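Structural characterization, general
Letter by letter, the chains look like this.
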Amino acid sequence: MSFARRLVLGTVVVLVFTVLVLVWSAERSLRRDLEANLVRALEREARLVRAALPADPGAWPEAVRRLATGSGHRIVVVDRASRVRADSDLPADSQALLGLSLADAPEIRDALRGERGSAPVRGRLGPGELHVAIPGVSGAVRVTASLGQVDETVGHARGAVAGGAVIALLAGVVLALVAGRSVTRPIAELAGAARAMATGGRPRFPRSGIPDVDALVQALRQMHRQLSDRFEELRRERAESTALVDAMTEGVIAADGRGRIATANAAARRLLGYGDSEALPDLPELFRAKAAREVVNAVLGGAPVENREVELDGSVLLMNARPLPSGGALLVLFDLTEVRRLEAVRRDFVANVSHELKTPLTSISGYAETLLTDHPDPDTTHRFLETILGNARRMQKLVDGLLDLSRIEAGRWQPAVEPVDVAAAAQEAWSAFTDRATGRRVELALDLGAGAERVCADPDALRQILTNLFDNALRYSPAGGRITCRSRLDADGIAVSVSDTGPGIPSEHLPRIFERFYRADSSRSREEGGTGLGLAIVKHLVEAHGGRVAAESERGRGTIVTAWFPGSQTG
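Residues numbered from 1 in each chain as written. Predicted model: local features only at pLDDT ≥ 70, side-chain atom pairs only at ≥ 80, totals over all residues. Heavy atoms only, no water.

Remarks on the overall build of the protein chain
Along its length, the protein chain carries 14 helices and 17 strands. Counting all 571 residues of the protein chain, 36% fall into the buried class. Here the analysis covers contacts within the protein chain between residues at least 6 apart in sequence; of these, 57% occur between residues at least 24 apart. Carbon together with sulfur atoms contributes 55% to the accessible area of the protein chain, which is approximately 32,900 Å² in total. (Helix = DSSP H or I, 4+ residues; strand = E, 2+ residues; numbered from the N terminus. Buried < 20%, exposed > 50% of the residue type's maximum accessible area, 1.4 Å probe, protein only. Contact = heavy atoms within 4.5 Å. Areas by Shrake-Rupley, 256 points an atom, 1.4 Å probe, with all protein chains shown as cover.)

This is the structure in structure tokens:
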């Protein structure tokens, strides 16, 4: 805040405080004096009323009404038991409240003790009242007057004082403003020149006529010339460094000795989940992971950290940190998430393929050794050769499935979409399982909805999809079961589903059944010759059409696998 503003603000604060104190004290003093005068006046009136009361108490009500008419004040007479004997506000024909006790009124208690009593009563909505009571002949006499006149007088006085105070306040502000500007104008202009220098602008130096200020102006002129040269060099170097850091694919973060981040390139913001213009917290608060915070604490403590791998919000980062010579730290972040994911995929793939090939290879090796060493009879030899052939075909099927998946995932296969008859494709796919289905008394049912008899898809891909779904359904269907192929119009195209009457799939397995080599019941699947790739191939083939696939199942109620094909049907 400038000196002129401080001067004006200080003057205003002092004047406002003075005015408030003056108004408060004047109002308080005036109200106290006016109420004291009113108390004395009411006391005199009460004495007159006491002197004018007749000796007969029965005549008091009429007497106080008459006396109150002349003064305009309320008059109440009570006996020594604090009971009301006369009240000027009660009509002549209504004395229902006579006898009401006023023992709780403080002024009555004082009067009954032989002293003058007074008590103001402040009103909530209107002016209050002032009660004054004095001892009477056989009790007490109380006179009540409204405080409205006092409030009005005080209000007028307050307004007059406030008006004068406002005038004084305005005059004081004007004088303080004029004085402040005359004193601070050269200094303010000099400060503006200094700010222009700091921001790289062209400063305007004042001519104040004050020797000390003029000497300061000359020093600033010389400093401005020197800083301009240095700033230009620094801007050039900074632009080159910024371009180099922003072009890096690694995240780079530089912080000062207090942990405040000075530089963070786009790669670092992306890795940490911050936008380009979003403010970054200080370095000690930047990371939530414990391992990353340990790296930060170590480097801020002066110790370098090399090749520390940390997990941060689902990403794997390799952190390298170096303390800077001038204080602070430099952090470099390498994103290893994709590398680690590919390594995990490779490990899982090798492990799964090895596991899938191990069983048939072991079987082939064992039977072949038996044939070579034991020379069994022809029937046994034939049975062993059939087993060897079956396991070889199983390995061939696994390799074919892997090749299909590889081709689809690599994008080397694109569907040749055309209208395909769903019933014909289903019957053709089912023909490969006729013998198995007949032996287990499992039948195929077709349920094609109106307008969904044909679907826009690659014919070979649709047959392969249905073949894999039928193979899965038949593998888990009990003897005498039913497999149903349905097609229905959907908002996005046509849905083709295959359902069975098997034991179903537990809910915890459903999210993963479309993963390669994943089996909800691995032992039974292998016994039936499954490779664990069928549903994965179905998923990729459907998604290659731009569709999606999902499974529904309940224990004991079978499984439904539905594939949605986009596009309108063709009749």
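Moving on from the model shown.
Some thoughts on the sheet that holds strand β3 (residues 117–121)
If you walk across this open sheet you meet the five strands as β2-β1-β5-β4-β3, and the pairing is antiparallel. Edge strands, defined here as strands with exactly one partner in the open sheet, are β2 (84–87) and β3. Strand after strand, the sheet turns through a mean of 20° between neighbouring axes, direction not considered. Bridge count between strand β1 (residues 74–79) and β2: three bridges; the pairing is antiparallel. Looking at β2, one finds that valine 76 is bridged to aspartate 87. (Pairing = 2+ DSSP bridges. Axes fitted to C-alpha atoms, helices over the stretch in contact; angles between N-to-C directions.)

Thoughts on the packing of helix α10 (residues 422–430) against helix α12 (residues 459–476)
Contact geometry for α10 and α12: axes closest at 9 Å, N-to-C directions at 55°. The angle between the axes of α10 and α12 places the two elements in the oblique class. Like other packed secondary-structure pairs, α10 and α12 cross with a definite hand, here right-handed. Residue-level contacts link Ala425, Ala426, Glu428, Ala429 and Trp430 of α10 to Leu462, Arg463, Leu466, Thr467, Phe470 and Leu474 of α12. (Parallel < 35°, antiparallel > 145°, perpendicular 65-115°, else oblique. Left-handed = near helix turned anticlockwise from the far one by under 90°.)

Regarding the nonpolar core
In terms of nonpolar packing, the biggest core is built from 40 residues, with Leu462, Leu466, Phe470, Ile483 and Phe565 touching the most fellow members. Secondary-structure elements contributing two or more residues to this core are α10, β13 (454–457), α12, β14 (482–490), β15 (493–499), α14 (534–544), β16 (548–553) and β17 (559–566). Of the residues forming this core, the biggest block, eight residues, is contributed by α12. If we ignore the near neighbours within four places in the chain, the residues touching phenylalanine 565 are Val455, Cys456, Ala457, Leu462, Ile465, Asp492, Gly493, Ile494, Val496, Val542 and His545. Ranked by size, the runner-up nonpolar core spans 23 residues in total, among them Ala268, Val299, Leu317 and Leu331. (Core = buried A, V, L, I, M, F, W, Y, C linked by side-chain atoms within 4.5 Å.)

Examining the pattern of salt bridges
Two side chains of opposite charge can pair, provided their charged atoms sit close to one another. Evaluated as defined, the whole model comprises 20 salt bridges. The salt bridge partner of arginine 83 is aspartate 79, with a shortest N-O separation of 3.4 Å. Note on arginine 83: relative accessible area 40%, which makes it partly exposed. Ionic pairing is found between arginine 113 and aspartate 110, a salt bridge with its closest N-O pair at 2.3 Å. (Salt bridge = Lys/Arg side-chain N within 4 Å of Asp/Glu carboxyl O.)

Overview of the side chain of threonine 562
Inspection of the secondary structure puts threonine 562 in strand β17. What threonine 562 contacts, discounting residues up to four positions off in sequence, is Ala495, Val496, Ser497, Arg548, Val549 and Ala550.

Looking at the packing of α12 against α14
Relative orientation of the contacting elements α12 and α14 amounts to 150°, with a least axis distance of 9 Å. Of the possible angle classes, the one that applies to α12 and α14 is roughly antiparallel. Helix-helix and strand crossings are classified by hand; for α12 and α14 the assignment is left-handed. Between α12 and α14, the contacting residues are Ala461, Gln464, Ile465, Asn468, Leu469 and Asn472 on the first element and Gly534, Leu535, Ile537, Val538, Leu541 and Val542 on the second. Per-class residue counts for the contact of α12 with α14 are eight nonpolar, four polar and no charged. (Nonpolar A, V, L, I, M, F, W, Y, C, P; charged D, E, K, R; others polar.)

Considerations on the pairing of strand β8 (residues 305–312)
Bridge count for β8 against strand β9 (residues 315–323) is six bridges, and the pairing is antiparallel. Opposite glutamate 311, over in β9, you have valine 316 as the bridge partner. Hairpin connection between β8 and β9: a loop of two residues separates the two successive antiparallel strands, and aspartate 313 in this loop has a positive phi of roughly 50°.

So, the side chain of serine 88
Of note, serine 88 is situated in the loop between β2 and α3 (106–112). The exposure class of serine 88 is buried, given its relative accessible area of 12%. Polar side-chain contacts of serine 88 include one of 2.8 Å to the backbone nitrogen of isoleucine 75. Other than its neighbours up to four places away in sequence, serine 88 contacts Val64, Arg65, Ala68, His73, Arg74 and Ile75. (Polar contact = N/O pair within 3.5 Å; in protein donor to acceptor, adjacent residues only side chain to side chain.)

Points about unusual backbone geometry
Trans peptide bonds make up most of the peptide bonds, and negative phi angles are found at most residues other than glycine. Look at asparagine 307: it is not a glycine, yet its phi comes out positive at around 50°. We note that arginine 441 has phi near 55°; this positive angle belongs to a residue other than glycine. Residue position: arginine 441 is located in the loop between α11 (434–439) and β12 (443–448). Taking relative accessible area as the criterion, arginine 441 reaches 57% and is therefore assigned exposed.

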